[in-house]
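One letter stands for each residue in the lines below.
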Amino acid sequence: MKIDTKDLNNQMHDLVECLEAYFADLDVKRSELDEFNKAAVDIIDSILGRDESNLLWITYGDKVNDLHAKVWVLQTLVDDIQELTSDLSSQIRQDSERLKL
């Protein structure tokens, strides 16, 4: 079976473009998510801070801490996805260059 390296290289190029576009879109969404999460956390913390009795914190503090932890996990996951996307794109680009030789 003969492999058409030019066609394969074109497909690799298309794949890199797709991954780079995905990375860029994910970066925009990550920025929006960071802003949204920060605003939500600030509002929650502000409301809890106004409660002089600490009843809200006593009642909901564990859930608020869980929410903060999940937000952090989500941000870390997005970072990991971006890193994997970037690594894959770089690897495909390198392999494509070797294929041209």
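Just above sits the structure.
Let me sum up the structure you'll find in this document. (Residues numbered from 1 in each chain as written. Predicted model: local features only at pLDDT ≥ 70, side-chain atom pairs only at ≥ 80, totals over all residues. Heavy atoms only, no water.)

### Observations concerning the overall build of the protein chain
Here comes step 1: For the protein chain, the count of helices and strands is two helices and zero strands.
Here comes step 2: Computed over its C-alpha atoms, the radius of gyration of the protein chain comes to 22 Å, more than 25% above the 13 Å expected for a compact globule of 101 residues.
Here comes step 3: Projected onto its principal axes, the C-alpha coordinates of the protein chain cover approximately 75 × 20 × 15 Å.
Here comes step 4: For the protein chain, buried positions account for 20% of its 101 residues. (Helix = DSSP H or I, 4+ residues; strand = E, 2+ residues; numbered from the N terminus. Rg over C-alpha atoms; globule rule 2.2 N^0.38 Å. Buried < 20%, exposed > 50% of the residue type's maximum accessible area, 1.4 Å probe, protein only.)

### A closer look at the environment of Ser-90
Here comes step 1: Take Ser-90: it is sitting in helix H2 (residues 55–100).
Here comes step 2: We classify Ser-90 as partly exposed; its relative accessible area is 30%.
Here comes step 3: Ser-90 sits 19 residues away from Val-71 along the chain, and the two C-alpha atoms are 29 Å apart.

### A word on helix H1 (residues 5–50)
Here comes step 1: For H1, spanning 46 residues, the distance from its first C-alpha to its last is 66 Å, which sits close to the expected 68 Å at 1.5 Å a residue.
Here comes step 2: Buried residues in H1 make contact with H2. (Expected span 1.5 Å × (residues − 1). Contact = heavy atoms within 4.5 Å.)

### So, the pattern of salt bridges
Working definition: two side chains of opposite charge can pair if their charged atoms are close together.
Here comes step 1: Counted according to the given criterion, the structure contains six salt bridges.
Here comes step 2: Of the charged contacts, one joins Arg-30 and Asp-34 as a salt bridge, the two residues approaching to 2.7 Å between their closest N and O atoms. Here the residue Arg-30 and the residue Asp-34 both occupy positions in helix H1, the gap between them amounting to four residues, near one helical turn.
Here comes step 3: A salt bridge links Lys-38 to Asp-42; the nearest nitrogen and oxygen atoms lie 2.8 Å apart. Here Lys-38 pairs with Asp-42, and both are found in helix H1, just four residues apart, close to one helical turn.
Here comes step 4: Residue Lys-38 is classed as exposed on the basis of its relative accessible area of 52%.
Here comes step 5: On the accessibility criterion, Asp-42 (38% relative accessible area) is partly exposed.
Here comes step 6: Several salt bridges share partner residues, and in doing so they unite Arg-30, Asp-34 and Asp-79 into one network. (Salt bridge = Lys/Arg side-chain N within 4 Å of Asp/Glu carboxyl O.)

### Focus: the side chain of Asp-51
Here comes step 1: Along the chain, the position of Asp-51 falls in the loop between H1 and H2.
Here comes step 2: Notably, Asp-51 is buried but unbridged: the nearest opposite-charge side chain belongs to Arg-50, and the N-O separation is 9.0 Å.
Here comes step 3: In this structure the side chain of Asp-51 is engaged in a polar contact, spanning 2.7 Å, whose partner is the backbone nitrogen of Leu-56.
Here comes step 4: Setting aside residues no more than four positions away along its own chain, Asp-51 makes contact with Leu-56 and Trp-57. (Lys, Arg positive; Asp, Glu negative; His and termini not counted. Polar contact = N/O pair within 3.5 Å; in protein donor to acceptor, adjacent residues only side chain to side chain.)

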